[in-house]
Amino acid sequence: MIPYTTTRDTTDAAAHLDPIVERQVLDGLLGRETDSIRPVDGAADLLRELSSSPWAIVTSGDRAFVEPRFAAAGLPLPVVRVYGGDVEHAKPAPDCFALAAARLGVADSACLVVEDAPAGTHAAVAAGCTVIGLTTTHPEESLQHAHMRAASLAEVRGLLVTQGLLTSP
């Protein structure tokens, strides 16, 4: 595993606001946006193909935010779900991926992670997982810690076939 550090700015912005109230307001605003949720091309098909294999979702989001959006987008959720609030140390710490591996009943090193954010690739590599960096939301160079990179879920599917995790059509 590689060591990790956080570069969180400790300066409070709008210190006069109550973060709990502001989170509720933000969640309410985002809750109205479920009709505009669109999955990444190929997400529904790929997740359905994975349904016969053990897999997990590992997200910094919380359950109340993530689950309705998956439902609105018509995406299946796995049995194993790790949300930001499930761990003490969030990404880029490896805790979330270690917890997902434990819940799946496998070693961290036996996990292949598809991750689209720099903090997530750092966390998954630090946990000892093999990582595919999906470049749909961040440039390839920001996902340089990933073992492989893919520009689309079609490319991810191809890598999963190559790794023997999915069968070709």
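Please refer to the structure placed before this passage.
Residues numbered from 1 in each chain as written. Predicted model: local features only at pLDDT ≥ 70, side-chain atom pairs only at ≥ 80, totals over all residues. Heavy atoms only, no water.

**Q** So what exactly am I meant to see when it comes to the pairing of strand β4 (residues 130-134) here?
**A** Residues in a regular strand project their side chains so that they alternate between the two faces of the sheet. Here β4 lies mainly inside the structure; 4 of its 5 residues are buried. Pairing of strand β3 (residues 112-115) with β4 involves 4 bridges; the strand directions are parallel. When the sheet's bridge partners are listed, Leu-112 is paired in β4 with Thr-130. Crossover connection from β3 via helix α5 (residues 118-127) to parallel β4: handedness right-handed. Pairing geometry for β4 and strand β5 (residues 148-150), over 3 bridges, is parallel. What sits directly across from Gly-133, in β5, is Arg-149. (Buried < 20%, exposed > 50% of the residue type's maximum accessible area, 1.4 Å probe, protein only. Helix = DSSP H or I, 4+ residues; strand = E, 2+ residues; numbered from the N terminus. Pairing = 2+ DSSP bridges. Right-handed = clockwise from strand over helix to strand, strands pointing away.)

**Q** What am I meant to see in empty space enclosed by the protein here?
**A** Over the atoms, a rolled probe matching the size of one water molecule traces out where space is still vacant. In this structure the tally under the stated criterion is 1 cavity of 30 Å³ or more. Lining the largest cavity are Val-58, Thr-59, Ser-60, Gly-84, Val-87, Ala-90, Lys-91 and Cys-96. When grouped by side-chain class, the residues that make up the lining of the largest cavity number 4 nonpolar, 3 polar and 1 charged. (1 Å grid on protein atoms, 1.4 Å probe; cavity = no way out; pocket = protein on both sides within 12 Å on 5 of 7 lines; lining within 4 Å. Points joined across faces, edges and corners; volume = space filled by probe spheres on them. Nonpolar A, V, L, I, M, F, W, Y, C, P; charged D, E, K, R; others polar.)

**Q** Just to check I follow, could you spell out helix α3 (residues 63-73) for this structure?
**A** Residues that lie three or four places apart on an α-helix share one face, since the helix turns once every 3.6 residues. Here α3 has its buried residues at Val-66, Arg-69, Phe-70 and Ala-73. The buried side chains of α3 occupy one side of the element, clustering within an arc of 100 degrees when seen end-on. Facing away from the buried side of α3 by over 90 degrees, the exposed positions are Ala-64 and Ala-71. Following α3 by one or two positions, Gly-74 adopts a phi angle in the positive range, close to 75 degrees. (Arc of directions from axis to C-beta.)

**Q** Explain the sheet that holds β5 to me, please; I cannot follow it from the model alone.
**A** Two modes of strand pairing occur in sheets, parallel and antiparallel, and in both the strands are linked by backbone hydrogen bonds. If you trace the 3 strands from one edge of the open sheet to the other, you get β3-β4-β5, paired in parallel fashion. One side of each edge strand has no neighbouring strand; the edge strands of this open sheet are β3 and β5. Each neighbouring strand pair of the sheet contributes to a mean axis angle of 25 degrees, computed without reference to strand direction. (Axes fitted to C-alpha atoms, helices over the stretch in contact; angles between N-to-C directions.)

**Q** Explain helix α6 (residues 153-162) here, please?
**A** Where α6 is concerned, the buried positions are Leu-153, Val-156, Arg-157 and Leu-160. All buried residues of α6 fall inside an arc of 100 degrees around its axis, so they share one side. Away from the buried face of α6 by more than 90 degrees, exposed residues Ala-154 and Thr-162 are located. Residues of α6 that are buried in the fold lie against α2 (43-50), β3, β4 and β5. A distance of 3.4 Å separates the backbone nitrogen of Ala-154 from a side-chain oxygen at the start of α6, and that oxygen is part of Ser-152. (Contact = heavy atoms within 4.5 Å. Polar contact = N/O pair within 3.5 Å; in protein donor to acceptor, adjacent residues only side chain to side chain.)

**Q** Help me understand the pattern of salt bridges, please; the structure alone is not making it clear to me.
**A** Once the charged atoms of two side chains with opposite charge are near each other, the side chains can pair. Considering all chains together, one arrives at 6 salt bridges under this definition. The closest approach of N and O atoms between Glu-49 and Arg-157, which form a salt bridge, is 2.8 Å. In this pair, Glu-49 is assigned in helix α2 and Arg-157 in helix α6, connecting sequence segments 108 residues apart. Note that Asp-86 and Arg-103 form a salt bridge whose closest N and O atoms lie 3.7 Å from each other. Here Asp-86, found in the loop between β2 (80-82) and α4 (95-104), pairs with Arg-103, found in helix α4; they are 17 residues apart in sequence, far enough to count as distant. Classification of Asp-86 by relative accessible area gives partly exposed; the value is 30%. What emerges from the salt-bridge pattern is a single network uniting Arg-63, Glu-67 and Arg-81. (Salt bridge = Lys/Arg side-chain N within 4 Å of Asp/Glu carboxyl O.)

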